[in-house]
Amino acid sequence: MILTNAFAELSVSVPSILMQLFVIVMISLVIIGTVMDMIHKKNVKYFFQNAKKAKSQAKRNLSSNEKTSIIAKTFASEILTTSELGAGKRRVAHLLGMYGTIIFWVSSVILIFSYPTSAAPSIYPMLWHIGAIMTCLGGYWFWFFLRVDVSAEAHPWYRIIKADLFVLALLACATFGLAWSYTQYTGMNGLSYLFLVLFIVSNLVLFGGVYWSKFAHMFYKPGAAIQKNLAEADG
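Report follows, based on the coordinates. Predicted model only: the values in this text are computed from it and were never measured.

## Here's the deal with the packing of aromatic side chains
Using the criterion set out here, one finds nine aromatic pairs in the structure. For the pair tryptophan 128 and tryptophan 180, a centre-to-centre distance of 6.3 Å together with 80 degrees between the ring planes defines the contact as edge-to-face. Here tryptophan 128 is found in helix H6 (residues 123-146), whereas its partner tryptophan 180 is found in helix H8 (residues 165-185), with 52 residues between them in sequence. Look at tryptophan 128 and you get buried, because its relative accessible area is 1%.

Shown next as structure tokens:
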């Protein structure tokens with residue numbers, strides 16, 4: 001199963017162009033949702049206001065080399081390895097989910113656009129499955145054991161608020177994707193189509209719900225971290 005291109009198998013009954021259009025629509029939904037979020041919450045306006053304020057209060061001007069170094073260190077430390085979370089379980093769960101999701105999404109695009117109707121090099125289906133498994137491991141670990149309101153405030157794990165839309169939709173995508181791949185591989189056609197429909201719906205919720213979820217925060221957080229570190233460096 002792990003070496004099988006589920007999308008190539010699907011192309012027998014669903015034209016590959018429809019799969020590719022679906023990906024394009026999902027990307028468009030992310031862009032539209034992020035722009036709507038920016039307009040409604042005025043994040044970009046606040047970002048530039050804070051940058052202007054920090055620049056006016058700066059005690060020294062940073063050289064281009066200093067700025068480049070700070071940006072590189074911020075990217076490596078706070079973005080790629082989420083050092084602000086410390087060295088505990090929360091950071092491990094976050095990294096599993098983050099890199100699992102990236103691998104899952106990138107390999108999905110490669111399989112759908114480069115190998116939509118044929119067997120792909122084994123590395124890509126393998127990465128697709130591994131990425132989905134990593135997403136599930138990190139996401140379920142976080143959801144059941146590490147959420148602040150569960151671990152510290154004693155709320156039940158099934159308590160759901162609007163801010164949980166992103167992680168729940170992401171987990172649904174990875175879970176139903178794996179279930180679809182398994183049932184397709186084992187010839188359970190009825191269950192395979194059921195999990196495929198659920199996989200599609202969960203993607204629609206994930207990418208179509210950007211405006212209402214924390215999805216857009218992935219784009220704001222790196223900029224805010226870089227701005228903070230530059231402001232601290234120039235005084």
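So that's the structure; there's more coming.
## Digging into H6
The end-to-end C-alpha distance of H6, which contains 24 residues, comes to 32 Å, matching closely the 34 Å that a straight helix rising 1.5 Å per residue would cover. The complete set of buried residues in H6 reads Pro125, Trp128, His129, Gly131, Ala132, Thr135, Cys136, Gly138, Gly139, Trp143 and Leu146.

## Some remarks on the nonpolar core
Ranked by size, the top nonpolar core spans 28 residues in total, and within it Phe7, Trp128, Trp180, Phe199 and Leu206 carry the most contacts. Those elements that place two or more of their residues in this core are helix H1 (6-10), helix H2 (16-41), helix H5 (89-114), H6, H8 and helix H9 (189-208). Among the elements that line this core, the one with the most residues is H8, at eight residues. Discounting residues that sit within four places of it in the chain, tryptophan 128 has contacts with Phe7, Phe104, Ser107, Ser108, Leu111, Gly177, Trp180, Ser181 and Phe199.

## What about a nonpolar patch on the surface?
Together, Ile17, Leu18, Leu21, Ile24, Val109 and Phe113 line one region of the surface with nonpolar side chains, adding up to about 510 Å² of accessible area. Counting only elements with at least two residues in the nonpolar patch, the list comes to H2 and H5. No other element matches the four residues that H2 contributes to the nonpolar patch. Here phenylalanine 113 shows up in helix H5. Phenylalanine 113 sits in the partly exposed class, given a relative accessible area of 35%.

## Re the environment of methionine 1
With respect to the secondary-structure elements, methionine 1 resides in the segment before H1. With a relative accessible area of 29%, methionine 1 lands in the partly exposed category. The spatial distance from the C-alpha of methionine 1 to the C-alpha of threonine 186 is 8.3 Å, given a sequence separation of 185 residues. When neighbours within four sequence positions are excluded, methionine 1 is seen to be in contact with His129, Ser181, Tyr182 and Tyr185.

## Some details on the packing of H5 against H6
Put simply, H5 and H6 touch, their axes get as near as 7 Å, and they point 150 degrees apart. In this view, H5 runs roughly antiparallel relative to H6, as classed from their interaxial angle. Considering how the two elements wind past one another, H5 and H6 form a crossing that is left-handed. Residues belonging to the contact of H5 with H6 are distributed by class as follows: 18 nonpolar, eight polar and two charged.

## A short note on the packing of H6 against H8
How two helices sit against one another is set out by the angle between their axes and by the gap between those axes. Remark: H6 packs on H8, axes separated minimally by 9 Å, with the N-to-C direction vectors making an angle of 135 degrees. Between H6 and H8, the angle is such that the two are oblique. Here H6 and H8 pass one another in a crossing that is left-handed. Each of Trp128, His129, Ala132, Ile133, Thr135, Cys136, Gly139, Tyr140, Phe142 and Trp143 in H6 lies in contact with H8, whose residues at this interface are Val167, Leu168, Leu170, Leu171, Ala174, Thr175, Gly177, Leu178, Trp180 and Ser181. Grouping the amino acids of the contact of H6 with H8 by side-chain chemistry returns 14 nonpolar, six polar and no charged.

Reading guide: rules and limits
Residues numbered from 1 in each chain as written. Predicted model: local features only at pLDDT ≥ 70, side-chain atom pairs only at ≥ 80, totals over all residues. Heavy atoms only, no water. Phe/Tyr/Trp six-rings, centres within 6.5 Å; stacked < 30°, edge-to-face > 60°. Helix = DSSP H or I, 4+ residues; strand = E, 2+ residues; numbered from the N terminus. Buried < 20%, exposed > 50% of the residue type's maximum accessible area, 1.4 Å probe, protein only. Expected span 1.5 Å × (residues − 1). Core = buried A, V, L, I, M, F, W, Y, C linked by side-chain atoms within 4.5 Å. Contact = heavy atoms within 4.5 Å. Patch = residues over 30% accessible without salt bridge, like charges linked within 9 Å, V, L, I, M, F, W, Y side chains within 5 Å. Areas by Shrake-Rupley, 256 points an atom, 1.4 Å probe, with all protein chains shown as cover. Salt bridge = Lys/Arg side-chain N within 4 Å of Asp/Glu carboxyl O. Axes fitted to C-alpha atoms, helices over the stretch in contact; angles between N-to-C directions. Parallel < 35°, antiparallel > 145°, perpendicular 65-115°, else oblique. Left-handed = near helix turned anticlockwise from the far one by under 90°. Nonpolar A, V, L, I, M, F, W, Y, C, P; charged D, E, K, R; others polar.

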